[in-house]
Amino acid sequence: MLILERDGLVLLAERANTGYSDGLLNLPSGKVEEGEDVISAAIREAREEVGVEVHHESVRVVHVMHYRNPEGEVRIGWFLAASEWGGEPHNAEPHKCAGIGWYPIGDLPENAQPYNAAGLARYLKGEPFSVVGW
């Protein structure tokens, strides 16, 4: 998951038509493809989902989470933050996203995806690692 932050706001996208967390707001994110490292995957996903160009050297790891949701699904989430990027974010995947917006990072809307919200809260606390839902 890539945290794009400016002026105390974080960029979130509303999932739609994916079958997973539709209607919820989440960070630009996705699965790592074969041959990719986690940073390259986050950069690719940011380009595909919100149309921004991020350079590898401007990305840093800010939190890692071992997460289990109420249904028992387990994930290891890498929360990365980009200090800068090129281009103005826009909805680059309208078939998967109902829209994007900037939200107060310390006061996320109720429809923020819980996994993403938990990672952002720990990022704000400066926690490098967490175990959630166990």
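Computed from a prediction, not measured in an experiment: that's the story for all the values here. Along each chain, the written sequence defines residue order, and numbers are assigned to residues from 1. Only residues with pLDDT of at least 70 are given local features in this predicted model, and only at 80 or more are side-chain atom pairs given and counted; all residues enter the totals for whole chains, interfaces and linings. Hydrogen atoms and water are omitted, and side-chain values are computed over all heavy atoms in the structure.

A. Just the overall build of the chain, in detail. Helical segments are the DSSP runs of H or I of at least four residues, strand segments are the runs of E of at least two, and each set is numbered from the N terminus. Looking only at helices and strands, one finds two helices and seven strands in the chain. Listing each helix as α and each strand as β along the chain from the N terminus yields β-β-β-α-β-β-β-α-β. Taken along the three principal axes of its C-alpha coordinates, the chain extends 40 × 35 × 30 Å. Each residue is assigned to one of three classes by its accessible area relative to the maximum for its type, calculated with a 1.4 Å probe on protein chains only: buried under 20%, partly exposed between the two thresholds, exposed over 50%. Counting across all 134 residues of the chain, residues that qualify as buried make up 40%. Working rule for contacts: check all heavy atoms of both residues, and any pair within 4.5 Å makes them a contact. Within the chain, contacts between residues at least 6 apart in sequence are counted, and of these 63% link residues at least 24 apart. Only carbon and sulfur atoms are counted for the fraction: they give 51% of the accessible area of the chain, which is about 7100 Å². When charges are counted, Lys and Arg are positive and Asp and Glu negative, with His and the chain ends excluded. Note that the charge is assigned to NZ on lysines, CZ on arginines, CG on aspartates and CD on glutamates. Of note, the chain has its 11 positive side-chain charges centred 5 Å away from the centre of its 21 negative side-chain charges. Throughout, the Shrake-Rupley method with a 1.4 Å probe supplies accessible areas, and for residues the shown protein chains are the sole cover considered.

B. Representation of the layout of surface pockets in the model. For each structure, a 1 Å grid was placed over the protein atoms alone; sets of points admitting a 1.4 Å probe that cannot get out are labelled cavities, open sets with protein on both sides within 12 Å along at least five of seven lines are labelled pockets, and lining residues have an atom within 4 Å of a point. Grid points are joined across faces, edges and corners, and a volume is the space filled by probe spheres set on the points. Computed from the structure, the largest pocket encloses a volume of approximately 760 Å³. The wall of the largest pocket is formed by 30 residues, among which Arg15, Ser29, Gly30, Lys31 and Arg75 lie closest to the centre. Tallying contributions element by element places helix 1 (residues 38-50) first for the lining of the largest pocket, with six residues. Side-chain classes are defined by residue name, with Ala, Val, Leu, Ile, Met, Phe, Trp, Tyr, Cys and Pro counting as nonpolar, Asp, Glu, Lys and Arg as charged, and the others, Gly among them, as polar. Class assignment for the residues of the lining of the largest pocket results in 13 nonpolar, eight polar and nine charged.

C. Spotlight on the pattern of salt bridges. Any carboxyl oxygen of Asp or Glu that lies within 4 Å of a side-chain nitrogen of Lys or Arg is treated as forming a salt bridge with it. Within the structure shown, the criterion is met by eight salt bridges. Of the charged contacts, one joins arginine 6 and glutamate 88 as a salt bridge, the two residues approaching to 3.0 Å between their closest N and O atoms. Placement of the pair is arginine 6 in strand 1 (residues 2-6) and glutamate 88 in the loop between strand 5 (74-82) and strand 6 (97-104), with a sequence separation of 82 residues. Via salt bridges that share partners, Glu33, Glu36, Arg44, Glu45 and Glu48 belong to a single interconnected network.

D. A look at the side chain of serine 130. Within the secondary structure, serine 130 is located in strand 7 (residues 129-132). Take serine 130: its relative accessible area is 6%, and that puts it in the buried class. Dropping the residues within four chain positions of it, serine 130 is found in contact with His63, Val64, Met65, His66 and Arg122.

E. How the structure looks around helix 1. By definition here, a helix of n residues has an expected span of 1.5 Å times n minus one. Between its terminal C-alpha atoms helix 1 stretches 18 Å, which fits the 18 Å expected from 13 residues at 1.5 Å a residue. Turning to helix 1, its buried residues are Ile39, Ala41, Ala42, Ile43, Arg44, Glu45, Ala46, Glu49 and Val50. Where helix 1 is buried, its residues meet strand 1, strand 2 (9-15), strand 4 (59-68), strand 5 and strand 6. Its side-chain oxygen at 2.9 Å from the backbone nitrogen of isoleucine 39, aspartate 37 defines the N-terminal cap of helix 1. Directly beyond the C-terminal end of helix 1, a positive phi value near 65° is found at glycine 51. We call two N or O atoms a polar contact when they sit within 3.5 Å, provided that within protein one can donate a hydrogen and the other can accept it, with sequence-adjacent residues counted only if both atoms are side-chain atoms.

F. Seen up close, the nonpolar core. Residues belong to one nonpolar core when they are buried, are Ala, Val, Leu, Ile, Met, Phe, Trp, Tyr or Cys, and are joined through side-chain atoms within 4.5 Å. By size, the foremost hydrophobic cluster in this structure holds 17 residues, and its most contacted members are Ile3, Val10, Leu27, Met65, Phe79, Leu120 and Tyr123. Where this core is concerned, the elements lending two or more residues are strand 2, strand 4, strand 5 and helix 2 (114-125). Not counting residues up to four positions away in its chain, the partners in contact with methionine 65 are Arg75, Ile76, Gly77, Phe79, Tyr115, Ala118, Gly119, Arg122, Ser130 and Val132. Of all hydrophobic cores here, the second largest spans 13 residues; its members include Ile43, Val52, Val54 and Ala82.

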